[in-house]
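Here are the chains, one letter per residue:
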Amino acid sequence: MATKTMQSKDAAISDVLSQNVEAAEQIKAAASELEVVHAVLSTKVQPKAAEGDLQAAVERTAEIEQQLSETAQALDKSNEMLREIDANQGSSTPAKK
């Protein structure tokens, strides 16, 4: 029974890790796209027009891109920890006699 539980934990960690890696890649892609949007907005919007809501939108794109990048980095660190846990569990499983 314990072996089955270990296998299910290993499978669960592997599944979570796989989902997290995919999510991290999607976040990185969104951050890259937002970085492009910010670059276009900040270079194409005339300084005289960049007031009020438009200026706030240009500034907000930079803030959101930064938040997404930081989230992706945190997820990468979390994924690395999961990889270590997964590797340690695989090597520490006691052998049956």
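Residues numbered from 1 in each chain as written. Predicted model: local features only at pLDDT ≥ 70, side-chain atom pairs only at ≥ 80, totals over all residues. Heavy atoms only, no water.

Asker: Got a minute to help me understand the overall build of the protein chain in this structure?
Answerer: Scanning the protein chain from terminus to terminus reveals two helices and zero strands. In the protein chain, the proportion of contacts linking residues at least 24 apart, taken out of those at least 6 apart, comes to 86%. Summing over all exposed atoms, the protein chain offers an accessible surface of approximately 7200 Å²; the carbon and sulfur share of this is 56%. (Helix = DSSP H or I, 4+ residues; strand = E, 2+ residues; numbered from the N terminus. Contact = heavy atoms within 4.5 Å. Areas by Shrake-Rupley, 256 points an atom, 1.4 Å probe, with all protein chains shown as cover.)

Asker: Explanation requested: the side chain of asparagine 79 in the structure shown.
Answerer: By the element assignment, asparagine 79 lies in helix H2 (residues 52–92). Residue class for asparagine 79 comes out buried when judged on its relative accessible area of 1%. Separated by 3.3 Å, the side chains of asparagine 79 and asparagine 20 make a polar contact. Sequence-distant contacts of asparagine 79, that is, excluding residues within four places in its chain, are made with Leu17, Asn20, Val21 and Ala24. (Buried < 20%, exposed > 50% of the residue type's maximum accessible area, 1.4 Å probe, protein only. Polar contact = N/O pair within 3.5 Å; in protein donor to acceptor, adjacent residues only side chain to side chain.)

Asker: Just to check I follow, could you spell out the side chain of asparagine 20 for this structure?
Answerer: For asparagine 20, the position within the fold is in helix H1 (residues 2–44). Contacts of asparagine 20, omitting those with residues within four sequence positions, involve Leu75, Ser78, Asn79 and Leu82.

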